Amino acid sequence: MLKKDLRLKYSVLREQLSVSQIAAKSLDISNKALELPIWSKDYYHLFLPITSKHEVDTINLLSILQGKDKYIVVPKVQQNVLEHFLLTDNTKFKNNSWGVPEPVDGIKVEPNKMDVVFIPLLAFDIHGHRVGYGKGFYDNFLASCKPDVLKVGLSFFEAEPLISDAFPGDVPLDYCVTPQKNYSFMAP
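All of the points below concern the structure found in this document. Just so it is clear, the structure is predicted and the values come from calculations on it, not from any experiment.

### Comments concerning the sheet that holds strand 1 (residues 43-45)
Strand order in the open sheet made by the seven strands is 3-2-1-6-9-10-11, with mixed pairing throughout. Edge positions in the open sheet fall to strand 3 (81-86) and strand 11 (182-184), since each of these has one partner strand only. On average, each strand axis in the sheet is tilted by 25° relative to the strand beside it, whichever way the strands run. As paired elements, strand 1 and strand 2 (residues 71-78) share three bridges and run parallel to each other. Within the sheet, the bridge partner assigned to Tyr-44 lies in strand 2 and is Ile-72. Of the strands in this sheet, strand 9 (150-154), strand 10 (175-177) and strand 11 are in contact with helix 2 (residues 19-33), which crosses strand 10 at around 140°.

Have a look at this one:
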């Protein structure tokens, strides 16, 4: 299926989810994520959800990371590029024009410090290719991370057989977590 068709399909499917379904599925995703072999790392990049787009709520993952005393980094869009800030007790947030909660300011963290990046997406396929909103923020960010950064997608829905117009500039996932299962795209 083409990216544009997948964007439409999964935007509609997400809009059909109730607030309670989003909360329950998000909790299931957080619990499934605990099964991944990613928790010995230090720096974790975590997106904060656009609630109006019915994205996976990452509050439970945030609590897990805080409980494990990890460095948590959150993104902010500046001139169409993601900047990254360390989450601290003093971090203040403001919603941007898309409704994304972003840090107002703080301690910047360079992309090459990230060990694990949790990635928002609309759809993914069994090969680890993903479809987002098409702005390229995460592809550009991931290209500037260290080569062994672990890329973890979070999805309410299971994998598609194939994203037919994936191209070499698309950075594939290492894992994707759904409420039902974890997908691994790492070479054995």
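### Thoughts on the side chain of Arg-14
Note that Arg-14 resides in helix 1 (residues 3-15). One buried charged residue, Arg-14, forms no salt bridge at all, with the nearest opposite charge on Glu-55 at 4.3 Å. Here Lys-53 takes part through its backbone oxygen, which lies 3.1 Å from a polar atom of the side chain of Arg-14. For Arg-14, the side chain forms a polar contact with the side chain of Tyr-133, separated by 2.5 Å. Setting aside chain neighbours within four positions, we find Arg-14 in contact with Lys-53, His-54, Glu-55, Leu-121, Leu-122, Tyr-133, Phe-156 and Phe-157.

### Side note on the environment of Val-73
With respect to the helices and strands, the residue Val-73 is situated in strand 2. Distance in space between the C-alpha atoms of Val-73 and Leu-46 is 6.1 Å, their sequence separation being 27 residues. Once residues lying within four places of it in the same chain are set aside, the contact partners of Val-73 are Tyr-43, Tyr-44, His-45, Leu-46, His-84, Phe-85, Leu-86, Val-109 and Met-114.

### Some details on unusual backbone geometry
Within the chain, His-54 stands out as a residue other than glycine whose phi angle is a positive 55°. Along the chain, His-54 turns up in the loop between strand 1 and helix 3 (59-67). The residue Asn-80 is not glycine, and still its phi comes out positive at about 65°. Position of Asn-80 relative to the elements: it lies in the loop between strand 2 and strand 3. The exposure class assigned to Asn-80 is exposed, which follows from its relative accessible area of 56%.

### A closer look at the pattern of salt bridges
In a structure, side chains of opposite charge can pair up when their charged atoms sit close to one another. Throughout the structure, instances matching the rule amount to eight salt bridges. Of the charged contacts, one joins Lys-3 and Asp-170 as a salt bridge, the two residues approaching to 2.6 Å between their closest N and O atoms. You can see Lys-3 sitting in helix 1 and its partner Asp-170 sitting in the loop between strand 9 and strand 10, a full 167 residues away along the chain. Grouping residues by exposure puts Lys-3 and Asp-170 together as buried. Of the charged contacts, one joins Lys-32 and Glu-35 as a salt bridge, the two residues approaching to 3.2 Å between their closest N and O atoms.

### Considerations on the packing of aromatic side chains
With the rule as written, the count across this model stands at nine aromatic pairs. Relative to Tyr-44, the ring of Trp-39 lies with its centre 5.8 Å away and its plane at 15°, an arrangement referred to as stacked. Residues Phe-156 and Phe-157 carry aromatic rings whose centres are separated by 6.4 Å and whose planes lie at 80° to one another, so their mutual orientation is edge-to-face. Judged on exposure class, the residue Phe-156 and its partner Phe-157 are both buried. Feature note: the residues Tyr-10, Phe-156 and Phe-157 constitute an aromatic cluster, connected by ring pairs. Above the face of the Tyr-133 ring, Lys-53 is positioned so that its terminal group lies 5.2 Å from the ring centre. For the cation-ring pair, Lys-181 lies above Tyr-183, with the distance from its terminal atom to the ring centre recorded as 4.4 Å.

Conventions and cut-offs
- Residues numbered from 1 in each chain as written.
- Predicted model: local features only at pLDDT ≥ 70, side-chain atom pairs only at ≥ 80, totals over all residues.
- Heavy atoms only, no water.
- Pairing = 2+ DSSP bridges.
- Helix = DSSP H or I, 4+ residues; strand = E, 2+ residues; numbered from the N terminus.
- Axes fitted to C-alpha atoms, helices over the stretch in contact; angles between N-to-C directions.
- Contact = heavy atoms within 4.5 Å.
- Buried < 20%, exposed > 50% of the residue type's maximum accessible area, 1.4 Å probe, protein only.
- Lys, Arg positive; Asp, Glu negative; His and termini not counted.
- Salt bridge = Lys/Arg side-chain N within 4 Å of Asp/Glu carboxyl O.
- Polar contact = N/O pair within 3.5 Å; in protein donor to acceptor, adjacent residues only side chain to side chain.
- Phe/Tyr/Trp six-rings, centres within 6.5 Å; stacked < 30°, edge-to-face > 60°.
- Lys NZ or Arg CZ within 6 Å of the ring centre and 35° of its normal.

Functional significance is not addressed by these values, which are geometric in nature.
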